[in-house]
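One letter stands for each residue in the lines below.
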Amino acid sequence: MLHARPHSGIAMALRVGLACAILLVTALAASAQTLRIYHVDVDQGDATLVVSPSGNTLLIDSGKNGHGPRLNEAMAAAGVTDIDHFVCTHYHEDHYGGIDDLVNDYGISIEHAYDRGDKAYVGSHTSSTQTYIDYEEAVGHRARHLMRGESIPLDEGMLVTCVASGGVVLGEDDPQTGVDENDMSIALLIQFGGFRCFIGGDIQEATEEKLATHDLVLDVDLYQADHHGSETSSTVALLNDMAPAVVIISNGDRADYQHPRQSTLDRFAAMSSPPSVFQTNKYTKGGEGGNVPDSHIADLVPSGDEGLILVTVDQGAGSYEVSYQDTAFTFPVKALRASPAVVVIESILPNPIGKDRDLEEATLRNDGPGDVDLSSWLLRDERGRCWTLTAAGTLGAGQKTTICRDGMPMNLNNNGDRIELVDSVGSTRDEFSYSSSSEGVVIDTGH
Ligand SMILES: [Zn+2]
């Protein structure tokens, strides 16, 4: 399943010189079907740079104040010069602190910025700090509220879906906004071919439990541990849903946090198929904190900045590599994905009599030979907004089900739209375009 070997070059180059790194990684970028995810060493914080097969970039969080140089170095190593999409998962300094350096000191342009919105809630203890003011001035003032059900258009062959934001998860019937800043983090499910990765900022038990109840994050390959391996996150219900093969913990060496907690590491180890767990940094301050074996820690000197962990997903090979320093491990992308199921969009009702927001409908039909679990499938429109099909559950062979919008974010535009049916690995299974609608009239797709 898994082997360690001296790494061929990339991680070494990160250490020995930027110029070498740029050359090597640029060569890597040339292989078209490769997704790269850089977990930047930002000590007790998060900053994750995603580089799509086409070279488009998504930066999720930006470490702490003063971490701009580390972000810039990671971008240089990745061979990218701007950020297409930046997501601030929540308003804690260890997640937005470095973005102003990147913009102001390095002149990096950020095309689209997103955060969890609801800034009226941000307490004065945060909003009055210089770091928050710097965040607002750099990108926060124009950041769009990313809501659950929306997706970020990173690359054609990828699906980046927001499954939680503000403490509300996709498909929640009676949305209750969270009350804890960590729990209000934006959580993203990133899919590329059969590869699935979950990054949930600092969400804790309350939001994790809701994700698990709604079966929103099933069967992932890679899990970036929520809240730096805190004991209040990585709850059993969500872990069982995700069954990750690999966990990466972005942690520092702070005695006041003691991340990662030994109890969290114990939960990983107790899973029926224990994941391979990696840390960006070694934790040395004792108490309730713990460590994975040294061989799985990128930076054994916690004060250093060399704990970057790179995950490279090779769609053609059906595998991904976790690499740092002079070490690399290879894992197979979980199989199972391709289902012979043939589920189609039979009809849609974009313009119901009564409130579109509640009464729009789509009917799906299973023409395949077996039952299909639709619970992590989506319907998605041209703008990337979605309906979760959680409520549809399992659709038997030959059966139909009608999904009602019920307040979900996607709007079946009355003046035409293109609707895609997307399966649990992000592949489009069916699509239908129309150019107009009449009130109360169901449009038969002919599929
Ligand atoms: Zn944090």
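This is a predicted model, so every value here is computed, not measured. (Residues numbered from 1 in each chain as written. Predicted model: local features only at pLDDT ≥ 70, side-chain atom pairs only at ≥ 80, totals over all residues.)

Draft legend 1. Local environment of the overall build of the chain. When helices and strands are tallied, the chain shows 11 helices and 29 strands. Relative to the globule expectation of 22 Å for 447 residues, the C-alpha radius of gyration of the chain, 22 Å, shows essentially globular dimensions. Each principal axis of the C-alpha distribution contributes one length, and for the chain these read about 65 × 50 × 40 Å. Within the chain, counting contacts between residues at least 6 apart in sequence, those at least 24 apart form 66% of the total. (Helix = DSSP H or I, 4+ residues; strand = E, 2+ residues; numbered from the N terminus. Rg over C-alpha atoms; globule rule 2.2 N^0.38 Å. Contact = placed C-beta atoms within 7 Å.)

Draft legend 2. Inspection of the sheet that holds strand β28 (residues 428-434) at higher detail. On the basis of which strands lie adjacent, the open sheet formed by four strands has the order β24-β23-β27-β28 and antiparallel pairing. Only two strands of the sheet have a single neighbouring strand rather than two, namely β24 (386-388) and β28. Within this sheet the neighbouring strands show an average axis-to-axis angle of 15 degrees, counted without direction. Bridge count for strand β23 (residues 378-380) against strand β27 (residues 417-422) is three bridges, and the pairing is antiparallel. Each bridged residue has a counterpart across the sheet, and for Leu-379 the counterpart in β27 is Leu-421. (Pairing = 2+ DSSP bridges. Axes fitted to C-alpha atoms, helices over the stretch in contact; angles between N-to-C directions.)

Draft legend 3. View of the environment of Asp-43. Mapped onto the elements of the fold, Asp-43 is located in the loop between β2 (34-39) and β3 (48-51). We classify Asp-43 as buried; it has 23 C-beta atoms within 10 Å. When the C-alpha atoms of Asp-43 and Gly-63 are compared, they prove to be 7.9 Å apart, with 20 residues separating the residues in sequence. Each residue touching Asp-43, except ones within four places of it in the same chain, is listed here: Lys-64, Gly-252 and Asn-281. (Buried ≥ 20, exposed ≤ 12 C-beta atoms within 10 Å, placed from the backbone.)

Draft legend 4. Quick look at the domain arrangement of the chain. When the domains of the chain are assigned, the result is domain 1 (3-332) and domain 2 (343-444). Distance between the C-alpha centres of domain 1 and domain 2: 31 Å. Every contact between the two is made by 17 residues of domain 1 and, on the other side, 16 residues of domain 2. Looking at the side of domain 1 that touches domain 2 element by element, the count peaks at three residues for strand β9 (residues 158-165). A class-by-class count of the residues in the side of domain 1 that touches domain 2 yields seven nonpolar, seven polar and three charged. (Domains from an automatic or database assignment. Nonpolar A, V, L, I, M, F, W, Y, C, P; charged D, E, K, R; others polar.)

Draft legend 5. Examining the nonpolar core more closely. Core analysis: the biggest nonpolar cluster contains 116 residues, and Val-163 and Leu-379 have the highest contact counts within it. Top contributing element to this core by residue count: β9, with six residues. Among the domains, domain 1 (3-332) and domain 2 (343-444) are the pair contributing at least three residues each to this core. Setting aside anything within four residues of it in sequence, one finds Leu-379 in contact with Ala-362, Cys-386, Trp-387, Leu-389, Ile-403, Met-410, Ile-419 and Leu-421. (Core = buried A, V, L, I, M, F, W, Y, C linked by C-beta atoms within 7 Å.)

Draft legend 6. Local environment of helix α7 (residues 130-138). Those residues of α7 that sit buried are Tyr-132, Asp-134, Tyr-135 and Ala-138. Take α7 and look down its axis: the buried residues cluster within an arc of 160 degrees, on one side only. In α7, the exposed positions that point more than 90 degrees away from the buried face belong to Gln-130 and Glu-137. (Arc of directions from axis to C-beta.)

Draft legend 7. Broad picture of the sheet that holds strand β20 (residues 343-349). If you walk across this open sheet you meet the four strands as β26-β21-β20-β29, and the pairing is antiparallel. Of all the strands in the sheet, just β26 (400-404) and β29 (443-444) have a single pairing partner and so form its edges. Taken together, the two bridges between β20 and β29 define a ladder with antiparallel strand orientation. In the strand pairing of β29, Ile-348 is matched with Ile-443.

Draft legend 8. Focus on the environment of Ala-225. Assignment of secondary structure puts Ala-225 in the loop between β13 (222-224) and α9 (236-242). According to the C-beta neighbour criterion, Ala-225 is buried, with 28 such atoms within 10 Å. Ala-225 sits 98 residues away from Ser-323 along the chain, and the two C-alpha atoms are 17 Å apart. Ignoring sequence-local partners within four residues, the contact set of Ala-225 consists of Ser-234, Val-247, Ile-248, Ile-249 and Pro-260.

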